[in-house]
Amino acid sequence: MSLNKAALKDIFQELDLKEENYGVYHGNWEGHGEMVESVSPIDGTILGKVIMGSQDDLQKTISKVEEAKFIWSQVPTPKRGEIVRQMRDALNAKREPLGKLVSIEMGKILPEGIGEVQEYIDMADYAVGLSRMINGQILPSERPGHFMLEQWNPLGVVGVITAFNFPVAVYGWNSTIALVCGNTVLWKGAPTTNLTSVAVTKILASVLEENDLPGAICSLVCGGADIGEGIAKDRRINLVSFTGSTPVGRKVGGIVQERFGKSLLELGGNNAIIVMDDADQELALRSVLFAAVGTAGQRCTTTRRLFLHSRIHDELLEKLKKAYKQVKIGNPLESGVLCGPLHTKAAVDVYRKGIEEVKAQGGTIIYGGQVIDDKKGNYVMPTLTTIKHSAPIVQKETFVPILHVIIFETLEEAIAMNNSVAQGLSSSLFTTKMENIFRWIGPSGADSGIVNVNAPTNGAEIGGAFGGEKETGGGREAGSDSWKQYMRRATCTINYSGALPLAQGIKFE
């Protein structure tokens, strides 16, 4: 279960990481905060150290980012796309070592670690295309000799605060689009994945330096809650994109709104899969396993509630138990492992508490429910429970691999339960009937931001807008028209008539 020290040394060398690293970048690397150790959840190995940013470092960096925005915004949009294309190539050249670092520092299995870096690469491809497609509208004017149009301009500075579970991809969703839209970016990653933040920033910085552009265009300040709060409060940061828990997101959103800034919130998810009696059971089984066990239950789109129709409940649940028994738990770098460790010891405590709450609230553990103490690291058994949907533990997001299984009779009943929770990120329906499908995706169906059919709740493609409703925050990242959140729209009226006709036929003479 232990890490290979020689392999770790090679990864650090490829990514230009040292035993001690500065965690602040704005064209130069520095840091005057506390030194924080990065600990691998695989076996507790101290991977390296990062000197975090102080409040003075944050203020200096924001000033640098603000200066750089005047240079970056004047670069033609397709030229900005070319810089992002070069960043894409630089990331692709480091895909394997960076993906391994994600697995080692975060804990997800290697295919997911590499896949996360690929997601950033894919987002860069998307953003490059977008750089030649951003457009407004020409609008008809009611006044003769007048021309109306929409003009989209950069917001200025975008602050990006990301979570531990996707330490590369979520920054990629935000930064690629923000950059082609003409914004400079200030990033604060999770304090438990500092090495990944530093490694990514070094890759981007090399591209900016090669093109004689200010490094502050892609700035970094590693830090804790105080740095995040400083970003949220600062009026110079036009948009704050925050990914994390609903309680913290509520605080961040309130602080930003107080100064009338813009916020983009990607918060909690209490996602559900509904399996109808006509569904393809094998497809549903494989989807549930991936959605509930993948990333050890630490995706915001992880399936946490499973609704099974009464006609197929017993049969499918028995198949699911057998599938859970075959899940290999262990070192995420090893081939065949499907479930790596939880990210921190605190997450293991959350798992223990969740199991206790299930039992206390009348539920039954039908598989799992145990911490694996005989292995170094933060390993737990993916867990299946049966419990009433009204139980408090079911109503909240518990960020560990615990799946609550609930029986239902009608699609209407299942939809009502699906929509009854406070969160609204992702929901999936498994069925072969067209009437069920269109009911599900329509106005009386799922109320989440991601509504799938015969597909898991997780594994979203970058071409669609990613985000959710209700306590999930309402933000949208990645594809579709999410780019509009990173720009300001101006409605422009140009009078070339030489006269002054007024709208609505008003006479003012």
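Residues numbered from 1 in each chain as written. Predicted model: local features only at pLDDT ≥ 70, side-chain atom pairs only at ≥ 80, totals over all residues. Heavy atoms only, no water.

1. Some thoughts on the pattern of salt bridges
Applying the stated criterion to the full structure yields 26 salt bridges. Of the charged contacts, one joins K69 and E66 as a salt bridge, the two residues approaching to 4.0 Å between their closest N and O atoms. Here K69 and its partner E66 are both found in helix α2 (residues 55–72), three residues apart, which amounts to about one turn of the helix. Taking the relative accessible area as the measure of exposure, E66 reaches 25% and is therefore partly exposed. The residue R489 makes a salt bridge to E150 at a minimum N-O spacing of 3.5 Å. Remark: E150 occurs in strand β7 (residues 146–154) and R489 occurs in strand β24 (residues 487–495); sequence separation between them is 339 residues. We classify R489 as exposed; its relative accessible area is 52%. According to the relative accessible area criterion, E150 is buried, its value standing at 14%. One continuous salt-bridge network, built from bridges that share partners, spans E82, R85, R88, D89 and D125. (Salt bridge = Lys/Arg side-chain N within 4 Å of Asp/Glu carboxyl O. Helix = DSSP H or I, 4+ residues; strand = E, 2+ residues; numbered from the N terminus. Buried < 20%, exposed > 50% of the residue type's maximum accessible area, 1.4 Å probe, protein only.)

2. Points about the environment of G354
One can find G354 in helix α12 (residues 345–360). Take G354: its relative accessible area is 2%, and that puts it in the buried class. Considering only alpha carbons, one finds G354 and G369, 15 residues apart in sequence, at a separation of 9.1 Å. Not counting residues within four places of it along the chain, the set of residues in contact with G354 comprises I393 and I402. (Contact = heavy atoms within 4.5 Å.)

3. Points about empty space enclosed by the protein
A probe as big as a water molecule, rolled over the atoms, marks out the empty space that is left. All told, the structure shown has two cavities of 30 Å³ or more when counted by the stated rule. In this structure, the largest cavity encloses a volume near 60 Å³. For the largest cavity, the lining is made up of 13 residues, of which N270, R305, Q423, G424 and S427 are closest to its centre. Contributions of two or more residues to the lining of the largest cavity are made by β13 (271–275), β18 (423–424) and β19 (426–430). Residues belonging to the lining of the largest cavity are distributed by class as follows: three nonpolar, eight polar and two charged. Taken together, N270, R304, R305, I393, V394, K396, T398, V400, I402 and H404 form the lining of the second largest cavity. Those elements that provide at least two residues to the lining of the second largest cavity are β14 (303–309), α13 (392–395) and β17 (402–408). (1 Å grid on protein atoms, 1.4 Å probe; cavity = no way out; pocket = protein on both sides within 12 Å on 5 of 7 lines; lining within 4 Å. Points joined across faces, edges and corners; volume = space filled by probe spheres on them. Nonpolar A, V, L, I, M, F, W, Y, C, P; charged D, E, K, R; others polar.)

4. Here we look at unusual backbone geometry
A positive phi is found at A296, a non-glycine position, where the angle reads about 55°. The residue A296 is located in the loop between α10 (281–293) and β14 in this model.

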